[in-house]
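What the coordinates show
Each chain, written out:
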Amino acid sequence: MKRVIQFKLNGVDTEAYVEDNVTMVNFLRQQMHLPGTKRGCGEGECGACTIMLDGEPVTSCMMLAVEANNHDIVTIEGIAKDGVLHPVQKEFIDKWALQCGFCTPGMIMSAVALLGRNPNPTEYEIRDAIAGNLCRCTGYAKIVEAIGAAAEVIRKGV
Amino acid sequence: MAIVSKEYYAEIEKVYKKPEDYELAGKENAYVRIDAEAKVSGKAVYVDDINLPGMYYCKLVRSPYANARILKIDFTEALKVPGVKAVLTGNDFPEGRYLGCPEAFKEMADKEPLCRETVRMVGDEVAAVCAISEDAADEAARKVKVEYEPIKPVLDAFDAMGSDASAVHYPDTNNVSMYTSMEAGDVKQAFSEADYTDKYYYQTQQIVHAAMEPHGSVAKYENGEWTVWTTTQNVYVARYWIAWGLGVPESRVRAIKPVIGGGFGGKVDVFAHDLCPAKFAQMTGHPVKCILTREEVFLGTRTRHPIAFEIETAFTKEGKLLAKRCKHVLDGGAYGGSGNAANALSLIVANLPYKFDNVDMSAQRIYTNKPASGAMRGYSACQVDFAHESHMDEVAEALGIDPLELRRKNGCTPGYLSPTGLQVTSCAFDETLVTCCNEIGWDKRDELPEGKGIGLGGSCFMSGTGFPVLATPRNNSNSTLVRLNREGYATVFTGANDIGQGCDTVMTMIVAEELGLSMDEVKCVQSDTTLTPWDSGSYGSRVTFLAGNACRRAVGDAKLKLLTHWADEWGCKPEDITMKDHRVFIKSDPEKNISFKEALFSYEEKNFGRSCSGVGSFAHEGGDQQIQKTNYGNYAPAYSFSSCTAKVDVDMETGELNMEDFVFAHDCGRPLNLRAVEGQIEGSVHMGLGFTCYEECLYDEEGRHLNPTFRDYRFPTALDMPNIRTFICGEPDPEGPMGAKEAGEGTTAPVGPAIANAIAAATGVHFHSLPISPEKIWRAMKQLRETGNPHFGDEGLVEKFAAMPKLKPLQSQVHH
Amino acid sequence: MSLPRFEYISAKSLEEAAGLKAKLGDTSVVMAGGTDIIPLMKDRVIMPDYVIDLKEIPGLQRLECVPGEGLYIGCLTKLRAVETSEMVRKEFPAVAHAAHCVASTQIRCKGTMVGNICNASPSCDTGPIEIVMNAVYKTVSASDPGREILAVEFFTGVKKTALKPGELVREIYIPQLGPGEGAAYSKHAVRKAMDLAIIGVASWVKMDDDKIADCRIAVGGAAVTPIRAHSAEGILKGRQFTDELLERAAVAAAECCHPISDVRASAEYRADMVRVFTKRSFKKALQDMKPQEGRRTE
């Protein structure tokens with residue numbers, strides 16, 4: 001069964017024609033041509049497919065495309081604004097908080113969502129926010145550092 | 001040690017930039033990864049992101065049995081699924097074209113692209129389906145009916161060696177895939193004279209790489225040529241095996257490595273998911289994609305070898321190590337491939353980081369009906385170090401010597417030549433030991449209360465296993481091209497395979513540094529068999545060292561041509577001229593100073609427009625294929641050394657482990673970028689911690705996986721990691737590019753013993769097997785309370801080793 | 001990575017959803033957050049022809065503490081809302097903590113409290129605490145007016161609940177803690193996040209001076225459902241609290257469980273961990289206890 005869904009995608013009002021059984025991650029990657037959201041495990045365990053649904057981070061492999069109807073979706077492609085990187089993205093670059101980069105989009109989504117609700121997180125709160133984003137390369141150390149640094153940049157309004 | 005290629009490149013190396021002029025190498029915050037912006041924006045292109053017009057999808061059909069004969073494959077129902085375009089079985093590939101090991105012994109290749117008659121592990125591929133969508137391919141694959149005749153699988157390496165075990169591949173071979181031994185000195189004599197001798201047993205478990213990106217490939221076929229984009233760590237070797245499996249010349253296959261989401265050794269081999277899309281592309285005329293599910297990655301790619309150890313050592317009462325005798329039994333799983341090399345490597349690693357004259361070691365890799373074990377970060381060093389370094393602490397306890405002092409007394413020193421020919425050049429092992437102990441508070445360790453403990457582990461790893469791969473001239477590991485462009489930039493063409501570790505950035509940095517350009521003025525073309533020259537691959541810690549040196553020679557070659565031209569103009573020697581900050585100049589003469597662009601324009605003027613380009617290569621002299629069999633000779637141009645200390649807090653009721661502190665000291669020569677090295681070390685600690693405390697692949701008695709998902713196979717999350725403090729030790733290495741040695745593979749190895757030794761200090765129990773889970777600690781403490789026995793996890797190993805048949809070095813096994 | 005085909009129905013009211021579920025029976029499945037049913041579909045454990053989504057039904061995200069009564073959690077209220085609510089953290093800290101124990105931030109931002117108990121995993125994190133706090137699940141049904149099911153009676157087997165065909169949970173009601181009452185949930189897992197409980201123990205206690213006036217203990221992950229440890233409670237009730245008494249009760253709690261051995265842990269280890277975590281959970285409940293009548297907080 002196919003149906004029409006209407007939703008906001010990275011700030012743009014969007015309409016799409018989707019199969020009922022398509023997951024959000026496959027819909028974004030294949031139908032909306034937004035491959036930034038990654039497929040890591042297909043079972044909601046690794047966080048590589050994290051997007052924002054109404055400002056909250058969710059694993060898009062655990063979501064049907066049809067569930068986006070009347071909601072607000074943000075993917076990694078929507079984090080930079082007018083070509084200007086978000087402070088979280090800048091700090092990931094400057095702090096060398098990535099290696100293979102496969103977990104990075106999902107990690108950044110969780111980080112941006114965290115800083116949106118908690119502008120001054122403790123180290124524990126940062127680690128708790130990204131506990132659902134598995135990384136096999138970095139040991140998380142520089143990721144935590146980058147998120148903390150971004151929080152400071154945002155607080156200072158730089 | 002005379003290195004012939006060094007003489008060959010001596011003129012070129014004369015124009016290398018002097019360390020005092022470095023603007024990028026080793027300078028903090030001087031540059032960022034060249035792929036960082038793409039990766040943080042979701043724009044980096046991984047294999048699954050490649051979509052070509054008209055692309056089809058391929059799904060593989062896998063065996064549910066660990067060992068069985070294939071009787072019949074029925075595609076009737078599958079072909080009824082709308083959108084199915086083609087199907088494949090093993091018979092569609094040329095007979096006798098087995099896939100195997102990239103490093104050596106291609107005659108030992110033992111894996112058919114799709115199984116023809118026999119499946120040897122749960123997940124072994126028997127058929128493939130191609131359809132217009134992923135869903136249709138998936139549905140059709142589920143509808144393929146295969147009839148099997150199951151055979152009782154052999155799941156334990158020791159059982160597999162028995163004379164009554166069924167043959168996984170070759171009958172009457174005790175299921176031996178590889179056997180190597182290493183002898184030197186007079187071990188018998190040393191043991192008879194020693195004050196102290198012992199015998200201990202250890203066992204490590206099977207784990208997986210769990211790179212976040214699943215394996216896969218996209219293939220197209222056009223103008224008689226295949227192009228395959230694949231998740232590989234070595235694009236030239238991938239091309240070799242793909243061409244081989246298809247039965248076509250290599251010149252007709254182009255292999256390209258796009259951005260890779262982690263490899264750790266799991267993407268070294270070539271698999272059905274590389275061959276089948278290529279075949280389908282030819283059959284259908286459409287591009288074909290195949291991406292594995294996470295479960296398929298668990299079932300059908302590679303794992304880390306479980307290893308069982310018997311270790312005997314002889315010491316003087318003062319703690320001088322006289323002799324080591326050991327047997328390693330590696331569980332190789334169903335196939336060889338990259339796993340074959342782990343066998344010899346396990347013995348080489350067991351010879352370092354300590355000095356001793358008497359060696360009697362053997363290692364055998366045994367086939368079983370489980371997923372194939374292959375290369376995995378540390379390439380047996382993690383397992384070996386857990387066993388041998390835990391063992392060092394046993395010795396320290398028995399002799400009443402401080403574990404730190406015992407290691408310092410026997411540790412490698414610069415220039416050490418081992419009795420079997422391993423040549424250490426730079427070595428700061430002692431400094432790493434002292435540093436990580438000082439930083440953790442080693443002196444106060446006996447004051448810690450019960451449940452808390454500090455442990456130490458040290459290790460050594462080859463920096464640049466310049467081992468011959470396939471049939472490479474002069475054991476060459478990498479050849480690189482650099483072209484200087486008069487418009488003010490340079491292009492480097494490197495076959496080096498960036499799998500996330502950042503070698504693209506390293507190559508870019510080396511060229512930028514030598515030419516005095518900024519990072520964005522160097523364009524990097526990488527890992528494409530049509531565009532870039534040979535590289536042997538990203539494993540065995542070779543890339544920065546081997547490809548980096550080749551890259552430097554390539555830019556040096558171009559630089560020499562350019563500077564020779566200007567030396568003529570200015571009446572000086574080429575090495576008197578500096579290239580820095582976009583200028584070409586003589587330091588002592590302000591008149592002789594021009595821009596990079598002008599310098600090149602003038603060069604091309606003189607040379608009729610011939611562009612200024614350079615070629616460089618690196619070969620490791622002494623790397624001899626025979627080393628895999630004889631284990632004599634030098635394995636690598638340099639060795640890196642690491643030590644680490646862990647402070648643990650064990651919940652004595654539950655066995656739960658909290659890591660309070662972790663200090664890592666690494667000798668990698670000159671770090672080309674501190675943050676990159678720290679990142680590698682932090683990642684190593686994560687993987688080492690996972691290996692030691694969390695991860696294990698579990699099977700039932702039929703060889704079926706019990707936990708092929710991230711729900712049930714767990715490694716540390718951000719909340720589980722300790723804070724890690726990193727210290728870089730040592731001096732620039734004379735052989736490394738700009739003095740660098742490896743960082744990232746050997747660094748995984750000492751983590752396990754540091755944690756195991758810390759747990760021993762905290763609880764009084766010495767663990768002989770991994771993972772050291774909370775339940776295992778709980779059981780061990782129970783055993784200690786009830787029986788007083790402080791050793792846990794080596795049950796049954798004494799008998800298993802005693803019952804092992806005597807093996808002889810095998811002749812090359814080939815399929816007939 | 002692909003799901004089996006199904007028809008998606010977005011219900012407009014709970015009554016409609018219940019009616020559809022009753023009519024379509026086992027060919028259908030009801031979805032709230034979807035974080036339990038999507039993996040089941042992916043693995044082909046369930047292959048429903050119809051998926052009935054509740055998410056467009058308004059008014060089901062209640063999260064309210066009614067003074068004199070307790071906490072009301074609507075069937076679409078997310079775990080994340082419960083975990084982060086200031087009100088829940090203050091008045092029902094153990095419930096917020098149990099919600100936080102589930103999976104990861106991402107799963108909690110989509111999955112619901114009600115979904116978690118309806119999935120009825122033997123080791124589910126929210127079951128034990130709701131049992132000890134005498135939570136009540138209010139249902140809606142197509143064929144009758146709906147009823148109230150006590151949490152302890154709700155779980156009937158592995159992934160099985162007392163819900164009749166076509167009956168859905170509309171709301172969770174958790175009575176508030178009175179003076180001298182405290183509750184806690186302690187989870188034992190290997191990882192600090194994203195891990196199913198090896199076991200989990202929840203305690204609720206009512207103190208009268210230093211005497212245990214009443215208590216309830218529930219264990220998750222040690223039987224086919226979360227269960228009450230009645231024998232342990234019997235040892236404690238009416239007695240003065242001592243560590244020795246608690247140890248005896250903890251042993252009894254361990255003995256009343258029938259844990260299994262699986263990839264996570266052995267039965268033996270689980271049983272002993274029930275003992276350990278009964279103590280820890282009970283002590284935490286005492287620690288978090290609301291001040292007794294006429295007494296200042298310590």
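Given the structure is predicted, the values throughout are model-derived calculations rather than measurements.

Side note on the interface of chain B and chain C
- In this complex, chain B contributes 31 residues to the contact, which on the side of chain C involves 28 residues.
- Taken together, the two surfaces of chain B and chain C that pack against each other cover about 2,500 Å², and 49% of this comes from carbon and sulfur.
- In this assembly, chain B and chain C are joined by 9 salt bridges.
- B:Arg779 is the salt-bridge partner of C:Glu268, the closest N and O atoms lying 3.1 Å from each other.
- Classifying every residue of the side of chain B that touches chain C by side-chain character gives 11 nonpolar, 5 polar and 15 charged.

Describing the packing of helix 15 (residues 503–515) of chain B against helix 16 (residues 543–570) of chain B
Residue and element names in this part refer to chain B.
- Running from N to C, helix 15 and helix 16 point in directions that differ by 30°, and their axes come no closer than 9 Å. As summarised for this structure, helix 15 and helix 16 are arranged roughly parallel, according to the angle between their axes. At the point where helix 15 passes helix 16, the crossing takes the right-handed sense. Only Val-543, Thr-544, Ala-547, Gly-548, Cys-551, Arg-552, Val-555 and Lys-559 of helix 16 make contact with helix 15, whose side of the interface consists of Cys-503, Val-506, Met-507, Ile-510, Val-511, Glu-514 and Leu-515.
- Tallied by class, residues from the contact of helix 15 with helix 16 come to 10 nonpolar, 2 polar and 3 charged.

Structural notes on the sheet that holds strand 10 (residues 167–175) of chain C
Residue and element names in this part refer to chain C.
- In space, the 5 strands of this open sheet follow the order 4-5-10-6-7, with antiparallel pairing throughout. Each having just a single partner strand, strand 4 (63–66) and strand 7 (148–150) make up the two edges of the open sheet. Direction aside, the axes of adjacent strands within the sheet are offset by 25° on average.
- Both strand 4 and strand 5 (residues 70–74) contribute to a ladder of 4 bridges, which runs antiparallel. Looking across to strand 5, one finds that Cys-65 is bridged to Leu-71.

Describing the domain arrangement of chain A
Residue and element names in this part refer to chain A.
- Looking at chain A, the domain boundaries give domain 1 (2–78) and domain 2 (87–156).
- Using only C-alpha atoms to locate each centre, domain 1 and domain 2 end up separated by 21 Å.
- It is Thr-50, Met-52 and Ile-76 that lose the most area in domain 1 upon contact with domain 2, and together they represent 40% of the buried surface on that side.
- There are 0 salt bridges connecting domain 1 and domain 2.
- Here domain 1 is connected to domain 2 by 3 residue pairs in polar contact (both at pLDDT 80 or more).
- For the side of domain 1 that touches domain 2, the element with the highest residue contribution is strand 3 (residues 50–53), accounting for 3 residues.
- Its residues assigned to classes, the side of domain 1 that touches domain 2 shows 7 nonpolar, 6 polar and 3 charged.

As for the domain arrangement of chain B
Residues and elements named next belong to chain B.
- Partitioning chain B into domains gives domain 1 (5–28 + 469–619), domain 2 (47–151 + 209–300) and domain 3 (303–466 + 626–802).
- Just the C-alpha atoms count here: the centres of domain 1 and domain 2 sit 38 Å apart.
- Contact residues are listed per partner, giving 21 residues for domain 1 and 22 residues for domain 2.
- Here domain 1 meets domain 2 over a buried area of about 1,700 Å², counting both sides, of which 54% is carbon and sulfur.

Overview of the packing of aromatic side chains
Residue and element names in this part refer to chain B.
- Enumeration according to the criterion identifies 25 aromatic pairs over all chains in this entry.
- Considering the side-chain rings of Phe-298 and Tyr-713, the 5.3 Å spacing of their centres and the 70° angle between planes classify their relative orientation as edge-to-face. Placement of Phe-298 in helix 10 (residues 294–300) and of Tyr-713 in the loop between helix 19 (674–694) and strand 29 (724–729) is noted, with a sequence separation of 415 residues between them.
- A relative accessible area of 1% means that Tyr-713 is categorised as buried.
- Feature note: the residues Phe-298, Phe-710, Tyr-713 and Phe-715 constitute an aromatic cluster, connected by ring pairs.

Let's talk about unusual backbone geometry
All names here are of chain B.
- Going from Leu-352 to Pro-353, the amide bond is cis rather than trans, its omega being 10°.
- Along the chain, the position of Pro-353 falls in the loop between helix 11 (340–350) and strand 17 (358–367).
- Phi is positive for Asp-581, close to 50°, though the residue is something other than glycine.
- Structurally, Asp-581 can be placed in the loop between strand 23 (577–580) and strand 24 (583–586).

A few points about the pairing of strand 13 (residues 288–291) of chain B
All names here are of chain B.
- Side-chain alternation along strand 13 places Val-288 and Cys-290 on one buried face and Lys-289 and Ile-291 on a second face that is also buried.
- Bridge analysis of strand 1 (residues 56–62) against strand 13 gives 2 bridges, and the strand direction is parallel. Counterpart to Tyr-56 in the pairing with strand 13 is Val-288.
- Sheet topology note: the strand 10 (residues 216–222)/strand 13 ladder contains 4 bridges and is antiparallel. What sits directly across from Ser-217, in strand 13, is Cys-290.

Considering the sheet that holds strand 23 of chain B
Residues and elements named next belong to chain B.
- If you walk across this open sheet you meet the 3 strands as 23-24-25, and the pairing is antiparallel. A strand with exactly one partner marks an edge of an open sheet, and here the two such strands are strand 23 and strand 25 (589–595). Each adjacent strand pair in this sheet contributes to an overall mean axis angle of 25°, direction not counted.
- Sheet topology places strand 23 next to strand 24; 4 bridges connect them, and they run antiparallel.

So, the environment of B:Leu321
Residues and elements named next belong to chain B.
- Relative to the assigned elements, Leu-321 resides in strand 16 (residues 321–333).
- For Leu-321, a relative accessible area of 2% puts it in the buried group.
- It is 6.0 Å that separates the C-alpha atoms of Leu-321 and Phe-356, two residues lying 35 residues apart in sequence.
- Those residues in contact with Leu-321 that lie beyond four places of it in its chain are Thr-313, Ala-314, Phe-315, Tyr-354, Lys-355, Phe-356 and Asn-410.

Quick look at the environment of B:Glu521
Residue and element names in this part refer to chain B.
- Here Glu-521 shows up in the loop between helix 15 and strand 22 (522–526).
- On a C-alpha basis, the gap between Glu-521 and Glu-487 in space is 10.0 Å, while along the polypeptide they are 34 residues apart.
- Beyond its immediate chain neighbours, meaning those up to four positions away, Glu-521 contacts Gly-488, Tyr-489, Ala-490 and His-582.
- At 2.5 Å, the side chain of Glu-521 forms a polar contact with the side chain of His-582.

A word on the pattern of salt bridges
- Tallied over the full model, the rule gives 94 salt bridges over all chains.
- B:Arg62 is the salt-bridge partner of B:Glu125, the closest N and O atoms lying 3.2 Å from each other. Taken together, the residues B:Glu125 in strand 5 (residues 125–131) and B:Arg62 in strand 1 connect sequence positions 63 residues apart. Here B:Glu125 matches B:Arg62 in class, with each residue buried.
- Residues C:Asp243 and C:Lys283 are paired through a salt bridge, measuring 3.2 Å at the closest nitrogen-oxygen approach. Taken together, the residues span a long stretch of sequence, with C:Asp243 in helix 11 (residues 243–255) and C:Lys283 in helix 12 (residues 267–287) at a distance of 40 residues.
- One connected set of salt bridges, linked through shared partners, spans A:Arg29, A:Lys38, A:Arg39, B:Asp48, B:Asp49, B:Glu134 and B:Lys289.

Details of the side chain of C:Glu130
- Position of C:Glu130 relative to the elements: it lies in helix 8 (residues 126–132).
- Contacts of C:Glu130, omitting those with residues within four sequence positions, involve C:Met113, C:Ile117, C:Ala135, C:Tyr137, C:Ala151, C:Ile172 and C:Ile174.

Quick word on helix 16 of chain B
- Its 28 residues give helix 16 of chain B an end-to-end C-alpha distance of 37 Å, which sits within 8% of 40 Å, the value for a rise of 1.5 Å per residue.
- A positive backbone phi angle near 65° is found at B:Gly571, which sits one or two residues after helix 16 of chain B.

Remarks on the environment of B:Thr494
All names here are of chain B.
- When you line up the elements, Thr-494 lands in strand 21 (residues 489–494).
- Judged by its relative accessible area of 0%, Thr-494 is buried.
- On a C-alpha basis, the gap between Thr-494 and Cys-326 in space is 41 Å, while along the polypeptide they are 168 residues apart.
- For Thr-494, the residues in contact, after removing those within four places along its chain, are Asn-478, Thr-480, Met-507, Cys-524, Val-525, Gln-526, Ser-527 and Thr-532.
- Reaching out from Thr-494, the side chain makes a polar contact with the backbone nitrogen of Ala-496 at a distance of 3.0 Å.

Analysis parameters
- Residues numbered from 1 in each chain as written.
- Chains lettered and ligands numbered in written order.
- Predicted model: local features only at pLDDT ≥ 70, side-chain atom pairs only at ≥ 80, totals over all residues.
- Heavy atoms only, no water.
- Contact = heavy atoms within 4.5 Å.
- Buried area = accessible area lost by both parts, 1.4 Å probe.
- Salt bridge = Lys/Arg side-chain N within 4 Å of Asp/Glu carboxyl O.
- Nonpolar A, V, L, I, M, F, W, Y, C, P; charged D, E, K, R; others polar.
- Axes fitted to C-alpha atoms, helices over the stretch in contact; angles between N-to-C directions.
- Helix = DSSP H or I, 4+ residues; strand = E, 2+ residues; numbered from the N terminus.
- Parallel < 35°, antiparallel > 145°, perpendicular 65-115°, else oblique.
- Left-handed = near helix turned anticlockwise from the far one by under 90°.
- Pairing = 2+ DSSP bridges.
- Domains from an automatic or database assignment.
- Polar contact = N/O pair within 3.5 Å; in protein donor to acceptor, adjacent residues only side chain to side chain.
- Phe/Tyr/Trp six-rings, centres within 6.5 Å; stacked < 30°, edge-to-face > 60°.
- Buried < 20%, exposed > 50% of the residue type's maximum accessible area, 1.4 Å probe, protein only.
- Expected span 1.5 Å × (residues − 1).

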